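What follows is each chain in one-letter form.
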Amino acid sequence: MGVIVAENHVEVNADLCKSCRVCVETCPKHCLEIGSGINALGYQAVRFDSEECTACGMCFYVCPEPGVLTVIKGADK
Amino acid sequence: MVKHTKPKGFYDEFLRKAPEGGPAAGTTHYCPGCGHGTVHKLIAEAIEDMNIGDRTIFLSPVGCSVFAYYYMDAGNIQCAHGRAPAVGTGVIRTRDDAIVISYQGDGDLAAIGTAEIVHAANRGENMAVFFVNNAIYGMTGGQLAPTSLLGQTTATTPFGRLQEREGGPIHMAEVIDALDGPVFVERTTLSNAAGVMKTRKAVRQALSNQVERRGFSFVEILSPCPVGWKMTPVQSRVWMKEEMEKNFEVKKFRDRDHVTRSSGRMNLMDDDALLELLLPAEGKEAVSTAKLEEELRVKICGFGGQGVLSAGTLLANAAIVDGLEATWLPSYGPEMRGGTANASVVISSLPVGSPVIARPTALLAMNGPSLDSFEDDVVSGGLIIVNSSLVKQKVKRDDVKVIYAPVSAMASEAGFIKGANIVMLALYLLNAEAPSLDGLKSVIPRLIKKKELVDVNLKLIDRAEEFNKG
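Residues numbered from 1 in each chain as written. Chains lettered and ligands numbered in written order. Predicted model: local features only at pLDDT ≥ 70, side-chain atom pairs only at ≥ 80, totals over all residues.

### Some thoughts on the domain arrangement of chain B
Consideration 1: We note that the domain assignment places domain 1 (23-255) and domain 2 (281-469) within chain B.
Consideration 2: One C-alpha centre belongs to domain 1 of chain B, the other to domain 2 of chain B; they are set 55 Å apart. (Domains from an automatic or database assignment.)

Structure, rendered in structure tokens:
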């Protein structure tokens, strides 16, 4: 978290995720998946693991929680 | 660079789930996969982008989103069930600069609040209504909602909703579209990413309509309730696509080019204009500044149609013109004519504490039943004036001053029987400490609506003076 990298990516605030999977189903590039750890709310939070992200923001908009996902657009390559 | 993150239209911390702050202070109280959070996010983002947070009044409904005020960094009002559009009407008509957002669910808007939403829409109030339709009562445990689909099983329709038994789902966007008032009506869906983006656009359109004062904007948002529907969040979105959207057509119903409209707010009068309105006659100063040792409590009673209530307003206004404080409290039945009516007028040198009269200092009895009802209430040493044209009985008490005056006959002789109340009132003023008869004369031209009757009323006052001299 908070590491600035050049590539497009999604930062996940895992403490707040309720594991609804809507972002997982929505991402056109399948960049998100449900992780194995359990957060303080008792849910298995989503995790980002991909190099395909286009920073389209779909995951951000469909996510019902305001603060879970932050979409970062990388610098032009 | 950050492209999308928690919008600034939200509070930094959500204290609903974590009053002390900490990690959980970022989460909402909504269930996993609920549509409310998404709609909140779209609104909060628009508020930030349009920079309207400081003048947005967000109306929370009753239902799952009752706690929206924990999230939206705006002016928040939590409204009684279904009444958000009425509250919004009040807000927009008193705050010209406000952006009013009425956020309501289907139980709130389409059941208990149908009157408010229909009439606010019909008046075209300047507000954005976001109607979150999840076809069920979520908060109370999944009961049938007005918008539940036919065949849908809920806690209260275990065998499915039946047209013949529960009626069909109410299509609110169509209902609102049937009215002339709204400028923008759209139904969107949260079932998929494209639908969410269309909802985002509709939210922004509805809010920009508010910024530009274009009028009433209504966005119905089909939204998932996975817990209420007993589905996973992902299944619930499939169900929306396959069932809900077939029943609730997703489309833009109306987007009118509309001229900027006024807020409907009345122009506030300055003191001079107010004085001009309330003064008895143009250019007239207060006739006198009478001082009263004790307040006067006058009860004027009779049949409806005898001018009892009018006599009360004339008396109170005459007192105000004389520089006194006065209240007028009418009491009457549902009949405009022929029922019983009475007016309580309290006159004092000090502001009046209560307009209710238990012990009158004067009773003006226009008919017999009034005398029977209130004779015993008059204070000792008080005054009772009896309309002896109609009242045949005598006053039984000997500790009050009594005047028997045939006020109906006097008015009738003058050719205007409806003026009996004026004769009665003039007789009272001639026998009371205040207000002055001149005060009454000065208010008559202002308060008598039919101008041709002003003269005859003033003549009746002269007759009352003659009678009083004996």
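After presenting the structure, the write-up continues.
### As for the sheet that holds strand S1 (residues 9-12) of chain A
Consideration 1: Spatially, the three strands line up as an open sheet ordered S1(A)-S4(A)-S1(B), and their pairing is antiparallel. Of all strands in the sheet, those bounded by a partner on one side alone are S1 of chain A together with strand S1 (2-4) of chain B. Each strand of the sheet is rotated relative to its neighbour by a mean of 40°, with strand direction disregarded.
Consideration 2: Sheet analysis places strand S4 (residues 69-72) of chain A next to S1(B), joined by two bridges and oriented antiparallel. When the bridges of S1(B) are listed, Ile72(A) appears paired with Val2(B). (Pairing = 2+ DSSP bridges. Helix = DSSP H or I, 4+ residues; strand = E, 2+ residues; numbered from the N terminus. Axes fitted to C-alpha atoms, helices over the stretch in contact; angles between N-to-C directions.)

### Quick look at the environment of Ala464(B)
Residue and element names in this part refer to chain B.
Consideration 1: Relative to the assigned elements, alanine 464 resides in helix H16 (residues 454-469).
Consideration 2: For alanine 464, a count of 25 C-beta atoms within 10 Å translates into the label buried.
Consideration 3: For the pair alanine 464 and glycine 82, spaced 382 residues apart in the sequence, the C-alpha separation amounts to 56 Å.
Consideration 4: If near-sequence neighbours (up to four positions away) are discounted, alanine 464 is found in contact with Val423, Ala426, Leu427 and Leu430. (Buried ≥ 20, exposed ≤ 12 C-beta atoms within 10 Å, placed from the backbone. Contact = placed C-beta atoms within 7 Å.)

### Digging into the interface of chain B and chain A
Consideration 1: Between chain B and chain A, the contact holds 29 residues from the first and 26 residues from the second.
Consideration 2: Broken down by secondary-structure element, the contributors of at least two residues to the side of chain B that touches chain A are S1, helix H1 (35-50), helix H7 (193-211) and helix H9 (233-247) of chain B.
Consideration 3: By residue number, the principal contributor to the side of chain B that touches chain A is H1(B), which donates six residues.
Consideration 4: Tallied by class, the residues present in the side of chain B that touches chain A amount to 14 nonpolar, ten polar and five charged. (Nonpolar A, V, L, I, M, F, W, Y, C, P; charged D, E, K, R; others polar.)

### Quick word on H16(B)
Residue and element names in this part refer to chain B.
Consideration 1: End to end, H16 covers 23 Å across 16 residues, agreeing with the expected 22 Å (1.5 Å per residue, within 8%).
Consideration 2: Among all positions in H16, only Asn457, Leu460, Ile461 and Ala464 are buried. Taken around the axis of H16, the buried residues stretch over an arc of 105°, which confines them to a single face. Opposite the buried face of H16, at more than 90 degrees from it, the exposed residues are Asp455, Asp462, Glu466 and Lys469.
Consideration 3: Just beyond H16, the residue with positive phi is glycine 470, at close to 100°. (Expected span 1.5 Å × (residues − 1). Arc of directions from axis to C-beta.)

### Some remarks on the packing of helix H11 (residues 308-321) of chain B against helix H14 (residues 420-431) of chain B
A pair of packed helices can be characterised by two numbers: the angle between their axes and the separation between those axes.
Residues and elements named next belong to chain B.
Consideration 1: Between H11 and H14, the shortest axis-to-axis distance is 9 Å and the interhelical angle comes to 40°. If you check the angle between H11 and H14, you find them oblique. For the crossing formed where H11 meets H14, the hand is right-handed. The segment H11 lies against H14, with Val308, Ser310, Ala311, Leu314 and Leu315 engaging Asn421, Met424 and Leu425.
Consideration 2: Across the contact of H11 with H14, the residue classes tally to six nonpolar, two polar and no charged. (Parallel < 35°, antiparallel > 145°, perpendicular 65-115°, else oblique. Left-handed = near helix turned anticlockwise from the far one by under 90°.)

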